[in-house]
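# Commentary on secondary and tertiary structure
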Amino acid sequence: MCLASPRASSFLPHRVVRELAAAVASPVKKAIRGGRSIYAGQVLSFGVTILPDPPWQRLVELMKLAEESGFDYGWTYDSHVLWQEPYPLLTLAAMNTERIKLGLNVTNPGTREPTVTASAFATLQDVSNGRMVMGIGRGDSARRVIGQKPVRVADFEAACAMLRDLMNGRPVRWNDTDIELAWAKGRPEIPLYVAGYGPRVLAIAGRVADGVIIQLADPEIVEWIVGQVRAAAEEAGRDPDALKVVACAPAHVGDDLADACEQVRWFPAMVSNHVFDVLSRHDPADLPSALTEYVTRMQRERYDYSEHSRVGAKHGEQITDETCDRFCILGPPEAHVEKLRRLEAAGVDQWNIYLMTHGQEETLRAYGETIIPALAAGPAQPAPPG
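Report on the accompanying structure. Going along each chain's sequence as written, the residues are numbered from 1 onward. Only residues with pLDDT of 70 or above have their local features reported here, since the model is predicted, and side-chain atom pairs are shown and tallied only from 80 upward, although totals for entire chains, interfaces and linings are computed over all residues. Side-chain measures here rest on the full set of heavy atoms in the structure, leaving out hydrogens and waters.

### Some thoughts on the layout of surface pockets
The way it works is a 1 Å grid over only the protein atoms, where trapped points that fit a 1.4 Å probe form a cavity and open points with protein on both sides within 12 Å along at least five of seven lines form a pocket, and then any residue with an atom within 4 Å of a point lines it. Grid points are joined across faces, edges and corners, and a volume is the space filled by probe spheres set on the points. Space inside the largest pocket adds up to approximately 240 Å³. Forming the walls of the largest pocket are 15 residues, and the residues nearest its centre are Leu51, Asp53, Arg310, Leu355 and Gln360. By residue class, the composition of the lining of the largest pocket is eight nonpolar, four polar and three charged. Asp, Glu, Lys and Arg are counted as charged, while Ala, Val, Leu, Ile, Met, Phe, Trp, Tyr, Cys and Pro are counted as nonpolar; the rest, among them Gly, fall into the polar class.

### Details of the sheet that holds strand 5 (residues 101-107)
By the convention used here, strands pair only if DSSP detects at least 2 bridges between them. Helix numbers and strand numbers start at the N terminus; a helix is a DSSP run of H or I with at least 4 residues, a strand a run of E with at least 2. Within the closed barrel, the eight strands sit side by side as 3-4-5-6-9-10-11-14. Their pairing is parallel. In this sheet, neighbouring strand axes are inclined to one another by 25 degrees on average, regardless of whether the strands run parallel or antiparallel. Bridge analysis of strand 10 (residues 211-214) against strand 11 (residues 244-249) gives four bridges, and the strand direction is parallel. Bridging from a neighbouring strand, Gly211 pairs with Lys244 of strand 11. Across the sheet, helix 4 (residues 114-127) touches strand 5 and strand 6 (132-136), and the angle it forms with strand 6 is around 155 degrees. Across the face of the sheet, helix 14 (residues 360-376) comes into contact with strand 3 (45-50) and strand 14 (350-354) while running at roughly 165 degrees to strand 3. Inter-axis angles, ranging from 0 to 180 degrees, are taken between N-to-C directions of lines fitted to C-alpha atoms, where helices are fitted over the stretch in contact. Note on contacts: a residue pair is in contact if any heavy atoms of the two residues lie within 4.5 Å.

### A look at helix 10 (residues 266-279)
Between its first and last C-alpha atoms helix 10 spans 20 Å; for 14 residues at 1.5 Å apiece the expected length is 20 Å, and the two agree. Think of it this way: the bend at a residue is just the angle between two axes, each fitted to seven residues, one set ending at that residue and the other starting at it. Along helix 10, the sharpest change in direction is near 25 degrees and occurs at Asn273. One less than the residue count of a helix, multiplied by 1.5 Å, gives the span that helix is expected to have.

### Focus on the packing of aromatic side chains
Between the rings of Phe, Tyr and Trp (Trp by its six-membered ring), a pair exists once the centres lie within 6.5 Å; its type follows the angle of the planes, with under 30 degrees stacked, over 60 edge-to-face, and the other angles tilted. As enumerated under the stated definition, the model contains eleven aromatic pairs in all. Their ring planes at 65 degrees and their centres at 6.2 Å tell us that Phe46 and Tyr367 sit as a pair that is edge-to-face. Residue Phe46 is found in strand 3, and its partner Tyr367 is found in helix 14; the two are separated by 321 residues along the sequence. Like Tyr367, Phe46 is buried. When the centroid spacing of 4.9 Å and the interplanar angle of 65 degrees are considered together, the rings of Tyr303 and Tyr305 count as edge-to-face. Three labels apply to residues, based on accessible area from a 1.4 Å probe with only protein chains included: buried if under 20% of the type maximum, exposed if over 50%, partly exposed otherwise in between. A relative accessible area of 15% means that Tyr305 is categorised as buried.

### Looking at the packing of helix 6 (residues 153-166) against helix 7 (residues 199-208)
Helix-helix packing: each pair is described by the crossing angle between the helix axes and the interaxial distance. Packing of helix 6 against helix 7 leaves a shortest axis separation of 10 Å and a crossing angle of 20 degrees. Relative to helix 7, the element helix 6 is oriented roughly parallel. The handedness of the crossing between helix 6 and helix 7 comes out as right-handed. In contact with Val153, Phe156, Glu157, Cys160, Ala161 and Arg164 of helix 6, helix 7 contributes Arg200, Val201, Ile204, Arg207 and Val208. Class assignment for the residues of the contact of helix 6 with helix 7 results in seven nonpolar, no polar and four charged. Should an angle fall under 35 degrees it is called roughly parallel, over 145 degrees roughly antiparallel, and 65 to 115 degrees roughly perpendicular, with every other angle called oblique. Each crossing is labelled by how the near helix is turned from the far one, with a counterclockwise turn of less than a right angle marking it left-handed and a clockwise turn marking it right-handed.

### Section: a positive patch on the surface
On the surface, a cluster of positive charge is made up of Lys149, Arg152, Arg200 and Arg281. Residue classification places Arg152 among the exposed positions, given a relative accessible area of 63%. Patch members must show over 30% relative accessible area and no salt bridge, and they are joined within 9 Å when carrying like charges or within 5 Å when they are nonpolar side chains of Val, Leu, Ile, Met, Phe, Trp or Tyr. All accessibility values rest on the Shrake-Rupley procedure with a 1.4 Å probe; residue burial counts only the protein chains present in the view. Salt bridges are counted wherever a side-chain nitrogen of Lys or Arg sits within 4 Å of a carboxyl oxygen of Asp or Glu. Neither His nor the chain ends is counted toward charge; the positive residues are Lys and Arg and the negative residues Asp and Glu. Note on charges: their place is set at NZ of Lys, CZ of Arg, CG of Asp or CD of Glu.

### Details of the pattern of salt bridges
Counted by the stated rule, this structure contains 24 salt bridges. One salt bridge in this structure joins Arg99 and Asp72, with 3.7 Å as the shortest N-O distance. Linking Arg99 in the loop between helix 3 (86-95) and strand 5 with Asp72 in the loop between helix 2 (56-68) and strand 4 (73-76), this pair joins segments that are 27 residues apart in sequence. For the salt bridge of Glu262 with Arg265, the shortest nitrogen-to-oxygen distance reads 2.5 Å. The class for Glu262 is partly exposed, based on a relative accessible area of 45%.

### With respect to the side chain of Gln318
Mapped onto the fold, Gln318 is located in the loop between helix 11 (289-292) and helix 12 (321-327). Of the residues examined, Gln318 reaches a relative accessible area of 14% and is grouped as buried. A polar side-chain atom of Gln318 sits 2.6 Å from the main-chain amide nitrogen of Gln299. Here a polar contact means two N or O atoms within 3.5 Å. Within protein one must be a hydrogen donor candidate and the other an acceptor candidate, and residues neighboring in sequence count only if both atoms are side-chain atoms.

### Thoughts on the pairing of strand 6
A regular strand places its side chains so that they alternate between the two faces of the sheet. Across the five residues of strand 6, five count as buried, placing the element largely inside the fold. Residues Met132, Met134 and Ile136 point to one face of strand 6 and Val133 and Gly135 to the other, with burial holding for every one of them. By the bridge criterion, four bridges tie strand 5 to strand 6 in an arrangement that is parallel. Among the inter-strand pairings, Gly103 is bridged to a residue of strand 6, identified as Val133. One ladder, built from three bridges, connects strand 6 with strand 9 (residues 192-195); its direction is parallel. Bridge pairing in strand 9 places Ile136 opposite Val194.

So far we have only geometry, and geometry alone does not tell us how the molecule works.
Okay, here's the thing in structure tokens:
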């Protein structure tokens, strides 16, 4: 039985969603002291992904605001041609924040030699006082814009297993050579999360990673992915419940749903690149139709990486409002609370907002002042009888 609500529930009138969630959201006030969340018993954590666009000061400014607003994680992209080099920016973010964890969402083991990436993260773990987290995938924009394909699945698994050990000060065997970052020992563990959609990569997350990164916010698809990862972990003799689940997508807070869809139409188009790759290697019958059906109406050749993750990207014109609503979180604060509850039920531990929309400060503040406190307060309680 599906833990998440049926897909159709995404399209409840937002007036109804508001009434269902108002008892949760309205009485709760912001509760942040010294940049630290004091929400008792909070299960869902919150992250934000910020493009490494110039000027570099903007990324630092938004990371600081996210921390002040109660977010737990600050991420950025690693696509060195389309945007600025992320490692100096992560260093600056570490020097200008105190609590928020920092990472790449996501790097890959192809454009950077993996031992270099391990050393960079181990160094940043020192600079940040133990606040780093690594997200890693096979490589999309970072590889394709330099004429390379995503890293082969077998090579990807070997690199993930090696990176997880090497960056945490454990010895590895790599290129038939024994390697160890002796100076990286004795520090807090840097977790490694694998990003993917298809069964083979999701199995890697279950076998060798600390968690999985899912780039969409459809509870039905999320639950299927979580099931794939946990099954692989159990088969490998690992504790499936120990793996963390990060769901990432744009969020837009407001009542104008037409405008919200225009803000995020680029995102399902971006996801389609990965879905097309998965379909080239797997029988569609083995995949959830909620993930695959929408790409049958798309032309992959229309995707323009120069507009990757950009509001107004022309390739987004292929995406319907229904897909925008399923893959993202849109609407008034109460709609965000309602959908985040369903994502929690599907297994999500962290909700990571892709902040590639207009009104970035407004989104962070809406979450800090209303949505995060509402989720921390727990589900609305039914009124007493009589």
